[in-house]
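# Overview (structure and organization)
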Amino acid sequence: MNTRTTRTLAAALSLAAVLAISGCSGDSKPEMTVSGAFMPQPVNDKMAGGFMVIKNDSAAADKLTGAASPLSDDLQIHETKDQKMQQVQSMDVPANGELKLERGGNHIMFMGLKSTPKVGDKVTVELRFEKAGTVKVELDVKERTYTGQDPASTAGNGH
Ligand code: CU
């Protein structure tokens, strides 16, 4: 048995293990997964709402700090309190948790639209997070009454 080769091999293996661990812990940037993004067809070109579920798959808490879109130069983050909506500077996306933007609650508000999207259109939005950076999503424009709980949209996805 050649002990010298064995030792060299052991040293190489432990070095590889150290590299794997440091590579993992260095990756602290949160990963956001957005699902069910939609915009109810706006009544006119004054304003529109954007809704979605933002999932944080990392162990680091983050914040949604803003958004941008070709549809409007003025995107705001709104929360709804006592049935009145108000602008906030940021919204928390908890570690291993999610931020729900849903009708009657938190939402993205598009002010002063450059056009009036119709059902079937898509609206591009760039979400900005404090740590995760920019995440691009496409909102499907839906009927005005759509709430995001369309059972047909989840049918046939393999479950
Ligand atoms: Cu609003």
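Look a little higher up for the structure.
Residue indices follow the written sequence of each chain, beginning from 1 at its first position. Where totals are concerned, whole chains, interfaces and linings use all residues; where local detail is concerned, this predicted model gives features only for residues with pLDDT of at least 70, and gives and counts side-chain atom pairs only at 80 or more. Note: side-chain values were computed over all heavy atoms of the structure, leaving out hydrogens and water.

A few words on the coordination of the copper ion. Taken together, the protein donors to the copper ion comprise H78 (ND1), M85 (SD), H107 (NE2) and M109 (SD), at separations of 2.0 to 2.2 Å. The coordination sphere of the copper ion comprises four donor atoms, whose angles at the metal cover 99 to 118°; the geometry is tetrahedral. Ligating atoms shown are N, O and S within 2.8 Å of the metal, or 3.2 Å for Na, K and Ca, and water is not included, meaning a site may look less than complete. Each donor residue of the copper ion lies on the same chain, and together they follow the pattern H-x6-M-x21-H-x1-M. Of this pair, M85 sits in strand β5 (residues 84-88) while H107 sits in strand β8 (residues 107-111); the two residues are 22 residues apart in sequence, bridging distant segments of the chain. The rule is simple: four donors are tetrahedral if all their angles sit between 85 and 135 degrees, four are square planar and six octahedral if opposite donors span more than 155 degrees and the others lie between 65 and 115, and anything that fits none of that is irregular. Each helix corresponds to a stretch of at least 4 residues labelled H or I by DSSP, and each strand to a stretch of at least 2 residues labelled E; elements are numbered beginning at the N terminus.

On to the packing of aromatic side chains. Any pair of Phe, Tyr and Trp rings, taking the six-membered ring for Trp, is counted once the centres come within 6.5 Å. Such a pair is stacked with planes under 30 degrees apart, edge-to-face with planes over 60 apart, and tilted for the rest. Taken as a whole and judged by the stated rule, the model has two aromatic pairs. With a centroid separation of 4.7 Å and 90° between ring planes, the pair formed by F38 and Y146 is classed as edge-to-face. Of the two residues, F38 sits in strand β1 (residues 32-40) while Y146 sits in the segment after β10 (133-142), which places them 108 residues apart along the sequence. In this structure, F38 and Y146 share a single accessibility class: buried. Taken together through their ring pairs, the aromatic side chains of F38, F51 and Y146 make up a single cluster. Here K142 stacks its cationic end above the ring of Y146, 5.1 Å away from the centre of that ring. Partly exposed residues are those whose accessible area sits between 20% and 50% of the maximum for their type, while under 20% is buried and over 50% is exposed, using a 1.4 Å probe and protein chains only. Criterion for a charge above a ring: Arg CZ or Lys NZ at most 6 Å from the ring centre, at most 35 degrees from the ring normal.

Geometric values such as these leave the question of function open.
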